[in-house]
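Structural overview for review
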Amino acid sequence: MVNEVPWLTVVTVVKDDLPGLEKTIRSLVGQVDLAGVEYLVVDSSKNSTTVETAVKDSLIASALFSWCEPRGIYAAMNAGLSLARGKYIYYLNAGDSLADPQVIADLQQIINEAEPVWVVGQVEISEASGKTVVSKSWDYHTEKKALFARGAFPPHQGTIIRTDSLRAAGGFDAKYSISADYAAALSLSLVSDPFMTDRVIATFFEGGVSTERWQDSFREFHQARRMILKPRGFASLVERLNYGKHYASVWLARNLRRS
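One structure accompanies this document, and this report is about it. Just so you know, these numbers come straight off a predicted model, no measurement behind them. (Residues numbered from 1 in each chain as written. Predicted model: local features only at pLDDT ≥ 70, side-chain atom pairs only at ≥ 80, totals over all residues. Heavy atoms only, no water.)

**Examining a nonpolar patch on the surface**
A cluster of nonpolar residues, Phe 234, Leu 237 and Leu 241, forms a patch on the protein surface that exposes about 350 Å² of accessible area. Among the structural elements, Leu 241 can be located in helix H10 (residues 233–258). (Patch = residues over 30% accessible without salt bridge, like charges linked within 9 Å, V, L, I, M, F, W, Y side chains within 5 Å. Areas by Shrake-Rupley, 256 points an atom, 1.4 Å probe, with all protein chains shown as cover. Salt bridge = Lys/Arg side-chain N within 4 Å of Asp/Glu carboxyl O. Helix = DSSP H or I, 4+ residues; strand = E, 2+ residues; numbered from the N terminus.)

**A closer look at helix H9 (residues 214–229)**
Since the α-helix turns once every 3.6 residues, residues separated by three or four places project in the same direction. Compared with an ideal rise of 1.5 Å per residue, which puts 16 residues at 22 Å, H9 spans 21 Å between its outermost C-alpha atoms and is within 8% of the ideal. Those residues of H9 that sit buried are Trp 214, Ser 217, Phe 218, Glu 220, Phe 221, His 222, Ala 224, Arg 225, Ile 228 and Leu 229. The first or second residue beyond H9 is Lys 230, which carries a positive phi of 50°. (Expected span 1.5 Å × (residues − 1). Buried < 20%, exposed > 50% of the residue type's maximum accessible area, 1.4 Å probe, protein only.)

**Some points on the nonpolar core**
Counting 39 residues, the largest nonpolar core has Val 42, Ile 89, Tyr 91, Trp 118, Leu 166 and Phe 172 as the members making the most contacts within it. Elements with a minimum of two residues in this core: strand S1 (8–14), strand S2 (37–43), helix H3 (73–83), strand S4 (88–91), strand S6 (118–126), helix H7 (180–189), H9 and H10. Examining the composition of this core, we find that 7 residues originate from one element, H7, more than from any other. Here Val 42 is in contact with Val 11, Thr 12, Val 13, Val 14, Ser 66, Cys 68, Ala 76, Ala 79 and Gly 80, once residues within four sequence places are set aside. Counting residues in hydrophobic clusters, the runner-up holds 29 residues, among them Leu 28, Ile 60, Ile 104 and Ile 111. (Core = buried A, V, L, I, M, F, W, Y, C linked by side-chain atoms within 4.5 Å. Contact = heavy atoms within 4.5 Å.)

**Focus: the pattern of salt bridges**
The full count for this structure, using the stated rule, is 11 salt bridges. The salt bridge involving Glu 143 is made with Arg 150; its shortest N-O contact spans 2.7 Å. Glu 143 sits in the buried class, given a relative accessible area of 5%. Accessibility expressed as a relative area gives 40% for Arg 150, which makes it partly exposed.

**Thoughts on the packing of aromatic side chains**
Enumeration according to the criterion identifies 13 aromatic pairs in this entry. With a centroid separation of 6.3 Å and an interplanar angle of 65°, the aromatic rings of Trp 118 and Trp 138 are classed as edge-to-face. With a gap of 20 residues between them, Trp 118 in strand S6 and Trp 138 in the loop between strand S7 (132–134) and helix H5 (140–145) connect regions that are remote in the sequence. Arranged with centres 6.4 Å apart and planes meeting at 85°, the rings of Trp 118 and Tyr 140 form a pair that is edge-to-face. Placement of the pair is Trp 118 in strand S6 and Tyr 140 in helix H5, with a sequence separation of 22 residues. Ring-pair connections join several aromatic residues into one group, and the members of that group are Phe 153, Tyr 182, Phe 218, Phe 221, Tyr 243 and Tyr 247. (Phe/Tyr/Trp six-rings, centres within 6.5 Å; stacked < 30°, edge-to-face > 60°.)

**Comments concerning the side chain of Gln 157**
Summarising the element assignment, Gln 157 is placed in the loop between H5 and strand S8 (159–162). For Gln 157, a relative accessible area of 7% puts it in the buried group. Not counting residues up to four positions away in its chain, the partners in contact with Gln 157 are Tyr 90, Tyr 91, Asp 96, Val 123, Ile 201, Ala 202 and Phe 204.

**Let's talk about the packing of helix H1 (residues 18–29) against helix H2 (residues 48–56)**
Between H1 and H2, whose axes approach to 11 Å, the crossing angle comes to 10°. The angle between the axes of H1 and H2 places the two elements in the roughly parallel class. Crossing of H1 against H2: the hand is right-handed. Touching Leu 18, Leu 21 and Ile 25 of H1 are Thr 50, Val 51 and Ala 54, all from H2. Class assignment for the residues of the contact of H1 with H2 results in 5 nonpolar, 1 polar and no charged. (Axes fitted to C-alpha atoms, helices over the stretch in contact; angles between N-to-C directions. Parallel < 35°, antiparallel > 145°, perpendicular 65-115°, else oblique. Left-handed = near helix turned anticlockwise from the far one by under 90°. Nonpolar A, V, L, I, M, F, W, Y, C, P; charged D, E, K, R; others polar.)

**Overview of the pairing of S6**
Of all 9 residues making up S6, 7 are buried, and the element is well covered by its neighbours. Alignment of S6 against S8, held across 3 bridges, turns out to be antiparallel. By the bridge assignment for S8, Val 119 is matched with Ile 160. Direction of pairing for S6 relative to strand S9 (residues 195–205): parallel, over a ladder of 7 bridges. The partner of Ser 126 across the bridge, within S9, is Phe 205. (Pairing = 2+ DSSP bridges.)

Have a look at this one:
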């Protein structure tokens, strides 16, 4: 039925990247089962006609197109959140692709059985060198004890969230220009522990804004922890120590790589 609530909304944010969008659409079209899945493309491109045409020609019956002002990726992700009808929401942005044709079906099985607030899986990362690595399983409880200050956190490509829970958490806070997805994960950790799976969900390329502006992202991560988790006393000291250690290790690794 047309008015049935989808179990999942997949949101793709795109800006001036038609080839990336087409790659993402192909990975969705290749899924063994898209029943009950809504697909929403939020576009901020200069030429939206080509993107809208690609969405209409995608062979995905539930595909929807929406244009929004180019005010950054998180504004576009929030636009997708406001429009999503699915019980759960997943962001697979232009250039990202699902790991294999069984991903959506496997996620549906997890959600049907566990009904979690959020699901965190693994991702495959394509590095600038051409090397491909699968992320390590996120040791959520260990990282939570360290107030998520040691640098390990789930990328949005590996995270599926109840739509109403993400809305209640405030979506993606615009004051974090680089790390609003990290801040959203911190807020969700206050609501519920995630359902963890070793399932590889998606593939994406390294080299986003948080990689290029890593020092700014570290400062935002720290600010988010202070604002959302509100550590006090010994917990605050642990957060600062872990923040300093992680900052120093990344700084050293980058400088050694340059040498």
